[in-house]
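# Architecture at a glance
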Amino acid sequence: KKDWSTGSVIHEAARLIDLEVRETEKPAEISFPALLRIMEETKSNVERALSNLTLDEKAMMQERALNPWDDNAWNDILRISMKINRAELLDAFSPLLSFLTRDNLSLLKKDLISRFGQNSGPILYEAMTPLGKVIVGGPGPNIYNEDAALILDLGGDDLFLNNAGGTRSGIPVALVIDWGGNDRYLSKENFSHGAGLLGGGFLIDMGGDDTFVSLEGSKGGGFWGVGVL
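Residues numbered from 1 in each chain as written. Predicted model: local features only at pLDDT ≥ 70, side-chain atom pairs only at ≥ 80, totals over all residues. Heavy atoms only, no water.

## A word on the nonpolar core
Our working rule: Residue types Ala, Val, Leu, Ile, Met, Phe, Trp, Tyr and Cys, when buried and joined through side-chain atoms within 4.5 Å, form a set referred to as a nonpolar core. Each residue gets one of three labels from its accessible area relative to the maximum for its type: buried under 20%, exposed over 50%, partly exposed in between, using a 1.4 Å probe on protein chains only. Only DSSP runs of H or I reaching four residues or more are called helices, and only runs of E reaching two or more are called strands; each is numbered from the N terminus. Whether two residues touch is decided by their heavy atoms; if any such pair falls within 4.5 Å, the residues are in contact.
Of all hydrophobic cores here, the largest spans 54 residues; its most connected members are Leu 108 and Leu 152. The element contributing the most residues to this core is helix H2 (residues 32-49), with 8 residues. Other than its neighbours up to four places away in sequence, Leu 152 contacts Phe 32, Leu 35, Leu 108, Leu 112, Ile 135, Val 136, Gly 137, Ile 177 and Trp 179. Formed by 9 residues, the second largest nonpolar core is a distinct cluster that contains Tyr 144, Phe 160, Val 176 and Tyr 185.

Structure below.
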């Protein structure tokens, strides 16, 4: 039985545009701290891959992503796009992709229960980190209102009213892993639900009868980046 992985999706997408994503070794440790370290590494890789762009150029790309051909901006969008090394940008996600396999996520869930299972309340862990906000939700129903870089939810019928794995300013790498429940993902923002704009956005829902409602550029959209739902 071949292990499902997010990486296999990205590798196939890269092949279709004549690129290759480098393979990385299986993570030596599958744990919550290991995932944080890998996400920090991925964030640094993404920032390095986009370092050729000025702040003004990044702002233009973000502003024009959904309508790049409008008025006189098209030539500027093309020029800025050519400054992005697509191979380097895809490679930036290799460490994270090697972590996101079905078997690894099963081990990660066990680690989360071991670390935080004794905590009470709907939210077992929450902290601001160099990545952005990081949340571990318990097995009951939760409501997530604020944008976060990482949400790990152990189950329950949850309501996501935030970016839910969509990149945001200051959050070039965003990830949600939900291990079950009939969840609702409702967003009034563009680039939500596993969408990457100048970065990488990932939403992995492991099961349940889920609902996804969002605006443009969402649900696995990649704009000068990677998006996976």
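Now that the structure has been shown, we can carry on.
## Section: unusual backbone geometry
Look at Phe 191: it is not a glycine, yet its phi comes out positive at around 55°. The topology assignment puts Phe 191 in the loop between strand E7 (184-186) and strand E8 (196-197). Of note, Trp 224 is a non-glycine position whose phi angle comes to about 50°, a positive value. Within the secondary structure, Trp 224 sits in the loop between strand E11 (222-223) and strand E12 (226-228).

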